[in-house]
Amino acid sequence: MKLFNKLERKFGRFGIPHLTNYIIGCYILGYVIALMRSDFLSYLTLEPAWILRGQIWRLITWVLIPPESLSVFTIIMLLFYYSLGTTLERTWGTFRYTLYIFSGLIFTILGAFFLYFIMGGNVTGIGNFFSTYYVSMSIFLAFAVSYPDMRVLLYFVIPIKMKWMAFVYAAMILYDIFNYVRIGLWPMAVPIVASLLNFVIFFFSTRDIGRYRPKEVRRRQNFKKAVNPSKVTTITKHKCAVCGRTERDGENLEFRFCSKCNGNYEYCQDHLYTHEHVK
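Everything numeric here is computed off the predicted structure, so don't read it as measured data. Per chain, the residues get numbers from 1 upward, laid out in the order the sequence is written. Predicted model: local features are reported for residues with pLDDT of at least 70 only, side-chain atom pairs are reported and counted for 80 or more only, and whole-chain, interface and lining totals are derived from all residues. Just so you know, side-chain values use all the structure's heavy atoms and leave hydrogens and water out.

Caption draft 1: Molecular detail of the overall build of the protein. To qualify as a helix, a DSSP run of H or I must reach at least 4 residues; to qualify as a strand, a run of E must reach at least 2; elements of each kind are numbered from the N terminus. A tally of regular secondary structure across the protein gives eleven helices and four strands. Only protein chains enter the area calculation, which uses a 1.4 Å probe; residues under 20% of their type maximum are buried, those over 50% are exposed, and those in between are partly exposed. Relative to its full complement of 279 residues, the protein shows a buried share of 42%. Considering only contacts within the protein whose residues lie at least 6 apart along the sequence, 62% involve residues at least 24 apart. For every accessible area listed, the method is Shrake-Rupley and the probe measures 1.4 Å; residues are considered covered only by the protein chains on display. As displayed, the protein offers around 16,400 Å² of accessible surface, 63% of which is attributable to carbon and sulfur atoms. Contacts: residue pairs with any heavy atoms within 4.5 Å of one another.

Printed below as a string of structure tokens:
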């Protein structure tokens, strides 16, 4: 995390606010193109052979290709990923979230060229293997690690914690990689590994990522109160009903009341959209 701290201090101004909005916007534009002129998508894929021949726009336009076909389920998933992405940006900060997303995109591009050269070059069709599907998956995994105990309704019925869903998805990903290698289709595993390298680097090569978890935030606040009891009696104007933070815990903290909860429950910016409504 020391490296990320240095990068944030030096390049923090280059973070892109509301990056999730642009990601969803790219998907929507891709669906519009697919509906109006589906054959045009072939000119947007991440195809190293054509990029090396001058079609450099493919380095960017491949993000317009939607990860899945358009359906009601896809619309629901886009809304779900919008909620996850915006929450992660508020939790990590704009720069770190931007770095996380762009590193996933860059690793995907590098993976495409790696596969192109390892297969001997002058090979077309590689772009069909690469999409933003696993980049979006990395957002889900990152959220599950940051909020492991948050409950969501699977199929709008079954309550389940994010960490269990993450374990299931991780097992599915590992199975896909193992199966592709086992049957000799190892090139199919390259896009998966490349697209998820950002998740591996951010969460398995850092040691203090746990400080961003809500439980860890509450633990630090409880510790501060324990070593400084006088602070407990201090009257504050705002207090988050989830983590207990007040305006004294940060000058940039914002608090809002939830209109869907029964009672006057106030939440900080990190839990306003992620808490369980009080009924």
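Caption draft 2: Structural context of the packing of aromatic side chains. For Phe, Tyr and Trp, where Trp contributes only its six-membered ring, two rings pair if their centres lie within 6.5 Å, and the inter-plane angle classes them as stacked under 30 degrees, edge-to-face over 60, or tilted in between. Inspection of every chain in the model, using the stated rule, returns ten aromatic pairs. For the ring pair Tyr 116 and Phe 117, a centre distance of 5.1 Å and an interplane angle of 75° mean the geometry is edge-to-face. When its relative accessible area of 5% is taken as the criterion, Tyr 116 is described as buried. You can call Phe 117 exposed: its relative accessible area is 52%. A ring pair is formed by Tyr 133 and Tyr 134, whose centres lie 4.8 Å apart and whose planes are at 90°; its orientation type is edge-to-face.

Caption draft 3: Spatial organisation of the environment of Glu 89. Here Glu 89 lies in helix H5 (residues 72–92). Judged by its relative accessible area of 10%, Glu 89 falls in the buried class. Discounting residues that sit within four places of it in the chain, Glu 89 has contacts with Ile 16, Pro 17, His 18, Leu 19, Thr 94 and Tyr 97. Here a polar contact is recorded for every N or O atom pair within 3.5 Å, except that within protein the pair must consist of a potential hydrogen donor and a potential acceptor, and residues adjacent in sequence are included only if both atoms are side-chain atoms. At 2.9 Å, the side chain of Glu 89 and the backbone nitrogen of His 18 are in polar contact.

Caption draft 4: The pattern of salt bridges, seen in detail. Should a side-chain nitrogen of Lys or Arg be within 4 Å of a carboxyl oxygen of Asp or Glu, the pair is scored as a salt bridge. Under the counting rule described, the total for this entry stands at four salt bridges. Across the salt bridge formed by Arg 37 and Asp 39, the nearest N and O atoms sit 2.9 Å from each other. Salt-bridge contacts for Arg 256 lead to Glu 254; the nearest nitrogen and oxygen are separated by 3.8 Å. Take Glu 254: its relative accessible area is 46%, and that puts it in the partly exposed class. Among the ionic contacts, a cluster of salt bridges with common partners joins Asp 149, Lys 161 and Lys 163.

Caption draft 5: Seen up close, the state of the cysteines. The disulfide definition used here is simple: a pair of cysteine sulfur atoms within 2.5 Å. Here the structure, examined in full by the defined rule, presents zero disulfides. Note on Cys 240: no disulfide assigned, nearest cysteine sulfur contributed by Cys 268 at a separation of 3.6 Å. Looking at the unpaired Cys 243, the closest cysteine sulfur is the one in Cys 240, lying at 3.7 Å.

Caption draft 6: Representation of the side chain of Arg 58 in the model. Mapping Arg 58 onto the fold places it in helix H4 (residues 58–61). One buried charged side chain, Arg 58, makes no salt bridge at all; its nearest oppositely charged neighbour is Glu 47, positioned 5.6 Å away. Within the structure, Arg 58 has its side chain in polar contact with the backbone oxygen of Ser 42 (distance 3.0 Å). Within the local environment of Arg 58, its side chain forms a polar contact with the side chain of Thr 45, the two groups lying 2.9 Å apart. Discounting residues that sit within four places of it in the chain, Arg 58 has contacts with Ser 42, Tyr 43, Leu 44, Thr 45, Leu 46, Glu 47, Trp 50 and Ile 51. Counting rule applied: Lys, Arg positive; Asp, Glu negative; His and chain ends not counted.

Caption draft 7: Spatial organisation of the packing of helix H6 (residues 94–118) against helix H7 (residues 133–146). Contact geometry of H6 with H7 gives a least axis separation of 10 Å together with a crossing angle of 140°. Here the hand of the crossing between H6 and H7 comes out right-handed. Only Val 135, Ser 138, Ile 139 and Ala 142 of H7 make contact with H6, whose side of the interface consists of Tyr 97, Tyr 100, Ile 101, Gly 104, Leu 105 and Thr 108. Three categories are distinguished: nonpolar for Ala, Val, Leu, Ile, Met, Phe, Trp, Tyr, Cys and Pro, charged for Asp, Glu, Lys and Arg, and polar for the others, with Gly belonging to the last. Each residue belonging to the contact of H6 with H7 can be placed in one class, and the counts come to seven nonpolar, three polar and no charged. In this analysis an axis means a line fitted to C-alpha atoms, helices contributing only their contacting stretch, and an angle means the value between N-to-C directions, from 0 to 180 degrees. In a left-handed crossing the near helix is turned counterclockwise from the far helix by less than a right angle, and in a right-handed crossing that turn is clockwise.

Caption draft 8: Inspection of the environment of Tyr 134 at higher detail. Within the fold, Tyr 134 resides in helix H7. Note on Tyr 134: relative accessible area 16%, which makes it buried. Taking C-alpha positions, Tyr 134 is 8.1 Å from Pro 191, a pair spaced 57 residues apart along the chain. Each residue touching Tyr 134, except ones within four places of it in the same chain, is listed here: Ile 173, Asp 176, Ile 192, Ser 195 and Leu 196.

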